[in-house]
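Okay, here's what each chain looks like letter by letter:
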Amino acid sequence: MSVTAVPLRPIRKGSLTKLWVGLGLLCLIAAGVAWAGTERQVSSDPATFFAKNAKRSNVRTTASGLQIETLEEGSGATPGPQDMVLVEYEGRLLDGTVFDASAQHGGPAPLPVSGVIPGWSEGLMLMKKGGKYRLWIPSELAYGAQGAGGGTIPPNAPLDFDVTLIDVAPQAAMGMPMGMPPQGR
């Protein structure tokens with residue numbers, strides 16, 4: 001058996017330096033992208049999030065601490081506490097984890113304004129039919145210290161919802177007693 005030697009060309013002067021500089025820059029860029037992508041998660045303190053979010057010009061903060069942003073202005077009726085609403089929604093934790101959505105339940109959901117968490121009730125009464133809104137709900141206006149969903153929503157978790165208000169109707173017109181949630185919800 002014979003071994004054939006393959007001649008290797010010498011590398012140019014400065015090539016190794018360029019390689020290491022390039023790898024260093026690549027690592028810095030990757031670290032920057034990772035940091036930017038997790039900025040919301042790094043600032044896990046809800047008070048910090050709500051304070052920063054309140055400074056955005058298109059976000060309104062109510063006296064209770066609920067924050068609402070109008071994504072698409074509606075032009076119809078505004079629901080009252082005794083009304084029923086038909087909504088499409090997606091609920092997320094502040095880290096972006098989706099925990100519920102009307103699409104998971106077959107489409108728009110009929111809900112009594114007074115039969116949902118306090119932050120939802122307050123937010124619904126600030127909306128107009130046909131509009132799309134984003135709600136940031138402090139934990140005190142959501143599920144508080146007990147959390148919900150068997151751990152899906154942790155204790156003291158602020159929530160983030162996108163809500164489209166499709167329709168508003170008096171609860172009596174829906175044939176439901178006041179404050180009773182619809183069956184299957």
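Shown above is the structure to which this text applies.
Q: Would you mind showing me how to read the overall build of the protein here?
A: What the protein contains, in helices and strands, is four helices and seven strands. Along its sequence from the N terminus, the protein presents helices and strands in the succession α-α-α-β-β-β-β-β-α-β-β. For the protein, with 185 residues in total, the buried portion stands at 34%. Considering only contacts in the protein between residues 6 or more positions apart, those separated by 24 or more positions represent 69%. Approximately 11,400 Å² of the protein is accessible, and the part contributed by carbon and sulfur atoms is 61%.

Q: Honestly, the nonpolar core in this entry has me stumped. Any pointers?
A: Side chains that are nonpolar tend, in soluble globular proteins, to be buried together. Ranked by internal contacts, the top residues of the largest apolar core, which has 27 residues, are Val87, Trp120, Ile137, Leu159 and Phe161. For this core, the secondary structure elements donating two or more residues are strand E3 (83-93), strand E5 (109-112), helix H4 (118-124), strand E6 (132-137) and strand E7 (159-170). In this view, Phe161 contacts Tyr89, Glu90, Gly91, Arg92, Phe99, Trp120, Tyr133, Arg134, Leu135 and Ile137; residues no more than four positions away in its chain are not counted. Formed by five residues, the second largest nonpolar core is a distinct cluster that contains Phe49, Phe50, Val59 and Leu94.

Calculation criteria
- Residues numbered from 1 in each chain as written.
- Predicted model: local features only at pLDDT ≥ 70, side-chain atom pairs only at ≥ 80, totals over all residues.
- Heavy atoms only, no water.
- Helix = DSSP H or I, 4+ residues; strand = E, 2+ residues; numbered from the N terminus.
- Buried < 20%, exposed > 50% of the residue type's maximum accessible area, 1.4 Å probe, protein only.
- Contact = heavy atoms within 4.5 Å.
- Areas by Shrake-Rupley, 256 points an atom, 1.4 Å probe, with all protein chains shown as cover.
- Core = buried A, V, L, I, M, F, W, Y, C linked by side-chain atoms within 4.5 Å.

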